[in-house]
Amino acid sequence: MKVSVAIPCYNEEEVLAFTVETISNYLELLKLKKLFENFEIVLVDDGSSDKTWQLIESFCNQSPLIKGIKLSKNMGHQNALLSGLFNANGDVVVSIDADLQDDITVIEKMILEYNQGSHIVYGVRAKRESDTFFKRVSAEGFYRLMSMMGVNIIFNHADYRLMSKQAIEHLKEFQEVNLFLRGIVPLIGYKSSKVYYERSERFAGESKYPLKKMLSFAWNGITSFSVVPLRIVSILGIFIFGFSFLMTLWVLSIKLFTNTAIPGWASTVLPIYFIGGIQLLSLGIIGEYVGKIYSETKQRPRYFIEKIYTQTKEKKS
Ligand code: UDP
Ligand code: MG
């Protein structure tokens, strides 16, 4: 059996040397324990602007077990990861971030789970003590919101997981451009399991997921997997319709059965603002989905590989 580890790297020059060394030492150890016969490390350079690619090339020159993939520009974490998964040739592929925030020692458990018949093994964060308060609250809020929206994702599981070759073959059949792997992978089915670990701090460099990227990632996850926001719009419409019906009754009853003058201003102007706001919001949400359809129908490629580099050969594609 061969194990591949796929790592997306975006401006990770500060962490890469340590990461590659730690992971390859660990995999050597597992190999000695006869957990598998062979392994490779696939490093995907997601259009970094620092020395990440030069570093990757030098690692490849040092070891035949390392493969470098250079994307033609920054395609985003999910796409970089996907290119790593698709270009790894192990019987199983473990995906992990370059900053080693995810505990690599559970790879052993993942492989044992695979041997027990699981095609997908999710790494789940048991604790988030090392994350900043803000990151923890926003990330856990994200998982809750997703499940409220009816999206089937694993709570506190990011993209640290093991997938069998067969599961990855199925992943290739998902053609979506708005990639949200955490939502897609559970749709593949098969026997799956979870392993738990504690997430530690990034040991160097800074997060490549600033608030803006996190929000757009979350929004993408929701709108790619859930129609609940559209349903909320409809429900809101029904409520407002009911409310305006009551208003009509009220206005009519005052008009017909009393002779108090209606102080018209508030009851005219307020609904205009209120309903105007709701309409804009609803249009906006619908627009988001139309935008999704727009980008999906174009079926643009999700990434371009500039080159694949290994010790033995340099391929261009
Ligand atoms: N990453 C990437 N492309 C991007 C942003 C991030 O390949 O556009 C990679 C990054 O190098 C790292 C992983 O995605 O390996 C996760 O990023 P990070 O650790 O910064 O995210 P956080 O842990 O803060 O959520
Ligand atoms: Mg990180």
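Attention here is on the structure that accompanies the text. (Residues numbered from 1 in each chain as written. Chains lettered and ligands numbered in written order. Predicted model: local features only at pLDDT ≥ 70, side-chain atom pairs only at ≥ 80, totals over all residues. Heavy atoms only, no water.)

**Let's talk about the site of ligand 1**
Right, so step 1: As a matter of local geometry, ligand 1 sits amid 20 residues, with Glu12, Asp46, Asp99, Ser207 and Lys208 nearest to it.
Right, so step 2: Here an oxygen atom of ligand 1 sits 3.0 Å away from a polar atom, N or O, in the side chain of Arg199.
Right, so step 3: Expressed as a share of its isolated accessible area of 530 Å², the protein-covered part of ligand 1 is 95%.
Right, so step 4: Counting only elements with at least two residues in the shell around ligand 1, the list comes to strand S1 (2-9) and helix H3 (77-87). (Near = heavy atom within 4 Å. Polar contact = N/O pair within 3.5 Å; in protein donor to acceptor, adjacent residues only side chain to side chain. Areas by Shrake-Rupley, 256 points an atom, 1.4 Å probe, with all protein chains shown as cover. Helix = DSSP H or I, 4+ residues; strand = E, 2+ residues; numbered from the N terminus.)

**Some points on the coordination of the magnesium ion (ligand 2)**
Four donors placed tetrahedrally about a metal ideally form angles of 109.5 degrees, and six donors placed octahedrally ideally form angles of 90 or 180 degrees.
Right, so step 1: Around the magnesium ion (ligand 2), the protein contributes the donor atoms Asp99 (OD) and Gln101 (OE1), which lie 1.9 Å from the metal centre. Both residues of the pair, Asp99 and Gln101, belong to the buried class. (Donors = N, O, S within 2.8 Å, 3.2 Å for Na, K, Ca; no water. Buried < 20%, exposed > 50% of the residue type's maximum accessible area, 1.4 Å probe, protein only.)

**Considering the side chain of Thr223**
Right, so step 1: Mapped onto the elements, Thr223 comes out in helix H8 (residues 211-225).
Right, so step 2: When its relative accessible area of 5% is taken as the criterion, Thr223 is described as buried.
Right, so step 3: At a separation of 2.9 Å, a polar atom in the side chain of Thr223 contacts the main-chain carbonyl oxygen of Trp219.
Right, so step 4: Within the structure, Thr223 has its side chain in polar contact with the side chain of Lys292 (distance 2.5 Å).

**As for unusual backbone geometry**
Right, so step 1: For Lys34, which is not glycine, the phi dihedral falls at a positive 65 degrees.
Right, so step 2: When you line up the elements, Lys34 lands in the loop between helix H1 (16-32) and strand S2 (38-45).
Right, so step 3: Even without glycine at this site, Tyr190 takes up a positive phi of about 70 degrees.

**Quick word on the packing of aromatic side chains**
Right, so step 1: The tally for this structure, following the rule as stated, stands at 9 aromatic pairs.
Right, so step 2: Aromatic side chains Tyr143 and Phe155 sit 5.7 Å apart centroid to centroid with 65 degrees between the ring planes, which places their arrangement in the edge-to-face category. Of this pair, Tyr143 sits in helix H5 (residues 133-148) while Phe155 sits in the loop between H5 and strand S6 (157-164); the two residues are 12 residues apart in sequence, bridging distant segments of the chain.
Right, so step 3: Given a relative accessible area of 36%, Phe155 falls into the partly exposed group.
Right, so step 4: Within the aromatic cluster, the residues linked to one another by ring pairs are Phe142, Tyr143, Phe155, Phe180, Phe217 and Phe225.
Right, so step 5: For Lys172, the ring lying beneath its charged end belongs to Phe86, and the centroid distance is 5.5 Å. (Phe/Tyr/Trp six-rings, centres within 6.5 Å; stacked < 30°, edge-to-face > 60°. Lys NZ or Arg CZ within 6 Å of the ring centre and 35° of its normal.)

**With respect to the pattern of salt bridges**
Right, so step 1: Across all of its chains, the model carries 11 salt bridges by this definition.
Right, so step 2: Between Arg199 and Asp102 there is a salt bridge, with the nearest N and O atoms lying 3.7 Å from each other. With Arg199 in the loop between strand S7 (192-198) and H8 and Asp102 in the loop between strand S4 (92-95) and helix H4 (107-115), the pair connects residues that are 97 residues apart, well separated along the chain. As far as burial versus exposure is concerned, Arg199 and Asp102 are alike and both buried. (Salt bridge = Lys/Arg side-chain N within 4 Å of Asp/Glu carboxyl O.)

**Examining the nonpolar core**
Right, so step 1: Among the nonpolar cores identified, the biggest contains 38 residues, and Ile7, Ile23 and Leu43 are the most heavily contacted of them.
Right, so step 2: Among the elements of the structure, S1, H1, S2, helix H2 (52-62), S4, H4, S6 and S7 are those that each provide at least two residues to this core.
Right, so step 3: Ranked by residues supplied to this core, first place goes to H1 with 6 residues.
Right, so step 4: Residue contacts for Leu43: discarding those within four places in its chain leaves Ile7, Cys9, Val20, Ile56, Phe59, Ile66, Lys67, Gly68 and Ile69. (Core = buried A, V, L, I, M, F, W, Y, C linked by side-chain atoms within 4.5 Å. Contact = heavy atoms within 4.5 Å.)

**With respect to the side chain of His157**
Right, so step 1: Relative to the helices and strands, His157 resides in strand S6.
Right, so step 2: Judged by its relative accessible area of 2%, His157 falls in the buried class.
Right, so step 3: Here Gly123 takes part through its backbone oxygen, which lies 2.9 Å from a polar atom of the side chain of His157.
Right, so step 4: Once you skip the residues sitting within four places of it in the chain, His157 turns out to touch Tyr122, Gly123, Val124, Tyr143 and Arg182.

**Side note on the packing of H1 against H2**
Right, so step 1: Here H1 crosses H2 at 30 degrees, and the two axes come no closer than 10 Å. Between H1 and H2, the angle falls in the class roughly parallel. Classified by chirality, the crossing of H2 by H1 is right-handed. Contacts from Leu16, Ala17 and Val20 of H1 reach H2 at Thr52, Leu55, Ile56 and Phe59.
Right, so step 2: Across the contact of H1 with H2, the residue classes break down as 6 nonpolar, 1 polar and no charged. (Axes fitted to C-alpha atoms, helices over the stretch in contact; angles between N-to-C directions. Parallel < 35°, antiparallel > 145°, perpendicular 65-115°, else oblique. Left-handed = near helix turned anticlockwise from the far one by under 90°. Nonpolar A, V, L, I, M, F, W, Y, C, P; charged D, E, K, R; others polar.)

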